[in-house]
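Chains, contacts and geometry: an overview
The lines below spell out each chain.
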Amino acid sequence: SPADDTGKILFPGDVYRQTRACLDIVGNCLRELGMGFEDVIKTRIYVADPAHWVESGRAHGEVFGSIRPALGWVYMSAFFHPDITVEGECTAYRPE
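In short, a report on the structure. (Residues numbered from 1 in each chain as written. Predicted model: local features only at pLDDT ≥ 70, side-chain atom pairs only at ≥ 80, totals over all residues. Heavy atoms only, no water.)

**What about the packing of aromatic side chains?**
Note the threshold: Ring pairs shown here join Phe, Tyr and Trp side chains whose ring centres sit within 6.5 Å, with only the six-membered ring taken for Trp; geometry is labelled stacked below 30 degrees between planes, edge-to-face above 60, and tilted in between. We count a stretch as a helix when DSSP gives it H or I for four or more residues in a row; a strand needs E for two or more, and each element gets its number in order from the N terminus. We call a residue buried when its accessible area falls under 20% of the maximum for its residue type, exposed when it is over 50%, and partly exposed in between, using a 1.4 Å probe and counting protein chains only. Lysine and arginine charges are scored as sitting over a ring when NZ or CZ, respectively, is within 6 Å of the ring centre and within 35 degrees of the ring normal.
Scanning the model with the defined rule gives 2 aromatic pairs in all. The interplanar angle of 85° and the centroid separation of 5.2 Å between the aromatic rings of Phe37 and Phe64 together place this pair among those described as edge-to-face. Pair noted here: Phe37 is in the loop between helix 1 (15-32) and strand 1 (40-47) and Phe64 is in helix 2 (residues 53-64), with a separation of 27 residues, a long-range link. Relative accessible area serves as the criterion here: at 2%, Phe64 is assigned to the buried category. Geometry around Tyr16 places Arg58 over its ring, the cationic atom sitting 3.9 Å from the centre.

Written out as structure tokens, the structure reads:
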């Protein structure tokens, strides 16, 4: 979720900035595991409004443009908090 460490929702209603916030959180998690965005093989973006694929896709492309993991969008009926417009997840893999 696009939230800070206290649970406060970041950038209410702003699809692009919330997507970037989600990707920043993912990036931090990857670094803690000794990995990076280049290890991501699949991403999934959840949106409550189908039209939000444009801005979420723009943010995703800025991070993954040269890496090009598989990408899918999932349309949700709603999120647990009304200020959330987007959530994201990824799968990373590094062969041993």
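**Here's the deal with the sheet that holds strand 1**
Here is the rule we go by: One bridge is not enough; two strands pair if DSSP finds at least two bridges between them. An axis is simply a line fitted to the C-alpha atoms; with a helix, the fit covers only the stretch in contact. Between two such axes, the angle follows the N-to-C directions and lies from 0 to 180 degrees. When checking whether two residues touch, look at their non-hydrogen atoms; a contact exists if any pair is within 4.5 Å.
Ordered in space as 2-1-3, the 3 strands form an open sheet in which the pairing is mixed. Single-partner strands in this sheet number two, and they are strand 2 (70-75) and strand 3 (86-92). On average, each strand axis in the sheet is inclined to that of its neighbour by 15°, with strand direction left out of account. When strand 1 meets strand 2, the two strands line up parallel, connected through 6 bridges. By the bridge assignment, Lys42 is partnered in strand 2 with Ala70. Against the sheet, helix 1 makes contact with strand 1 and strand 3, and its axis sits at roughly 30° relative to strand 3, the strand it touches most. Where helix 2 meets the sheet, its contacts fall on strand 1, strand 2 and strand 3, and the angle it forms with strand 1 comes to roughly 160°.

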